[in-house]
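Okay, here's what each chain looks like letter by letter:
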Amino acid sequence: MKTILVAGGAGYIGSHMVALLVEKGYDVVVVDNLRTGHWQAVKGARKLYVGDLRDAAFLDQVFSENKIDGVINFAAYSLVGESVTNPLKYYGNNVAGSQSMLTAMKEHGVDKIVFSSTAATYGEPEKQPIEESDRTDPTNPYGASKLAIEGMLKWCDKAYGIHYVALRYFNAAGSNPEAGIGEDHNPESHLIPLVMKAALGQRSHIGIFGDDYPTADGTCVRDYIHVRDLAEAHLLALEHLEKTGESGIFNLGSGDGYSVKEIIETARRITGREIPAKIEPRRAGDPSVLIASNKKAAEVLGWTPKRGLEEIIADAWTWHSGHPNGYEG
């Protein structure tokens, strides 16, 4: 049985990764500082180590006590707005944490890592759908920190033979009802959980930031992907590294775009709730359309998403209606 270390495994996407690995028979070890993650979300891992990736002695203990075969790294701060007002927090945590992880991997002879990157590495896209070879010019420190880590991975591959897959993904949503895990951020900044909170009456309305974009209904269009499809892509990436040792960067998206109004209308239909919405001023830096090309992931990793928007929102509703206060009840 292979042992996989999941960094950030108590977070939203990381916890879904842990659940999938356990389901597939892997031995799973989790490290998380629990600043934004939830210990209750860690289902079936052999051990949860609570600590900071930047603590070299802590990581040395984790690697010394477990024979790690591969690493999947989700550990990062990820609030775009906060990254703009506090860039040093993002470089200090995201980049330094990844550097510390790669150092521990080098010292303990672990040569496979799957890295959670982001579509924010592209910045304002030059064309749609976005391809991996397109220009990377982040418009915020969050995206810049992830791009810096991608560069570090490339050079560590050349210097130390640490092979990597970096997965740039778009808008993750949904939940895993069977495992009883879902999305619980504080503060919440993602559209679909905010729509769910409005459906539950926890918000007076959902704000639509601008309805004068050059799209079919005037609202921004984004590419949404089910969190379980994301987890499956990470597992395929790990298997790809085991089989081929070939490093690479891949987009993860549905290849389809849905507008803010389409999300709200779909949620109204699935929840049966009114979900009041109000048009508010545009947010600075919001591109009108962001859609991923997933052709490379399909060709190389054999990955295509299985779950569409209806299932994403239905699973999100199952989680939020059953856990109105998140993991606290």
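Structure: above.
Residues numbered from 1 in each chain as written. Predicted model: local features only at pLDDT ≥ 70, side-chain atom pairs only at ≥ 80, totals over all residues. Heavy atoms only, no water.

Student: Requested: an account of the overall build of the protein, with residues and values cited.
Tutor: Secondary structure assignment for the protein yields ten helices and 14 strands. A compact globule built from 329 residues would reach a C-alpha radius of gyration of about 20 Å, and the protein, at 19 Å, matches this within 12%. Projecting the C-alpha coordinates of the protein onto the three principal axes gives extents of approximately 55 × 45 × 40 Å. Put simply, the protein has 329 residues, and 53% of those count as buried. Long-range contacts, defined here as pairs at least 24 residues apart, represent 76% of the contacts in the protein between residues at least 6 apart. Here the protein holds 33 positive side-chain charges and 43 negative ones, and the gap between their average locations is 1 Å. (Helix = DSSP H or I, 4+ residues; strand = E, 2+ residues; numbered from the N terminus. Rg over C-alpha atoms; globule rule 2.2 N^0.38 Å. Buried < 20%, exposed > 50% of the residue type's maximum accessible area, 1.4 Å probe, protein only. Contact = heavy atoms within 4.5 Å. Lys, Arg positive; Asp, Glu negative; His and termini not counted. Charge placed at Lys NZ, Arg CZ, Asp CG, Glu CD.)

Student: Talk me through the sheet that holds strand β6 (residues 163–169); I want residue IDs and the actual numbers.
Tutor: With respect to topology, seven strands assemble into an open sheet ordered β3-β2-β1-β4-β5-β6-β11, the strand pairing being parallel. Since the sheet does not close on itself, it has two edges, and those belong to β3 (47–50) and β11 (248–252), each with one partner. Strand-to-strand twist of the sheet, defined as the mean angle between neighbouring strand axes without regard to direction, takes the value 20°. Of the strand pairs in this sheet, strand β2 (residues 27–32) and β3 are connected by four bridges, and their pairing is parallel. The residue of β3 that forms the bridge with V29 is K47. This element, helix α2 (residues 56–65), spans β1 (3–7), β2, β3 and β4 (70–73) of the sheet and lies at about 165° to β3. (Pairing = 2+ DSSP bridges. Axes fitted to C-alpha atoms, helices over the stretch in contact; angles between N-to-C directions.)

Student: Hey, could you go over the side chain of E232 for me, with residue numbers and the actual values?
Tutor: As for its placement among the helices and strands, E232 is situated in helix α7 (residues 227–244). Among the polar contacts listed, one links the side chain of E232 to the side chain of K306, at a separation of 3.4 Å. Leaving out residues up to four positions away in the same chain, E232 has contacts with L20, W303, K306 and R307. (Polar contact = N/O pair within 3.5 Å; in protein donor to acceptor, adjacent residues only side chain to side chain.)

Student: I'd like to hear about the packing of helix α6 (residues 191–199) against helix α8 (residues 260–271), residue by residue, with values.
Tutor: Viewed as axis vectors pointing N to C, α6 and α8 meet at an angle of 45°, and their least axial separation amounts to 10 Å. Between α6 and α8, the interaxial angle falls into the category oblique. Note on packing geometry: the crossing formed by α6 with α8 is right-handed. For the pair formed by α6 and α8, the contact residues are L191, I192, V195, M196 and A199 on the first element and V260, I263, I264, A267 and T271 on the second. Taken together, the residues of the contact of α6 with α8 sort by class into nine nonpolar, one polar and no charged. (Parallel < 35°, antiparallel > 145°, perpendicular 65-115°, else oblique. Left-handed = near helix turned anticlockwise from the far one by under 90°. Nonpolar A, V, L, I, M, F, W, Y, C, P; charged D, E, K, R; others polar.)

Student: Break down the nonpolar core for me, citing the residues and quoting the values.
Tutor: The nonpolar side chains of a soluble globular protein tend to be buried, and buried together. Ranked by internal contacts, the top residues of the largest apolar core, which has 34 residues, are I13, M17, L21, I72, L167 and L252. Secondary structure elements with two or more residues in this core: β1, α1 (12–23), β2, β6, α7, β11 and α9 (295–301). It is α7 that contributes the most residues to this core, eight residues altogether. Once you skip the residues sitting within four places of it in the chain, I72 turns out to touch I4, L5, V6, A7, M17, L21, V114, H234 and L238. Within the second largest apolar cluster, 28 residues are counted, among which are A7, V31, Y164 and A166. (Core = buried A, V, L, I, M, F, W, Y, C linked by side-chain atoms within 4.5 Å.)

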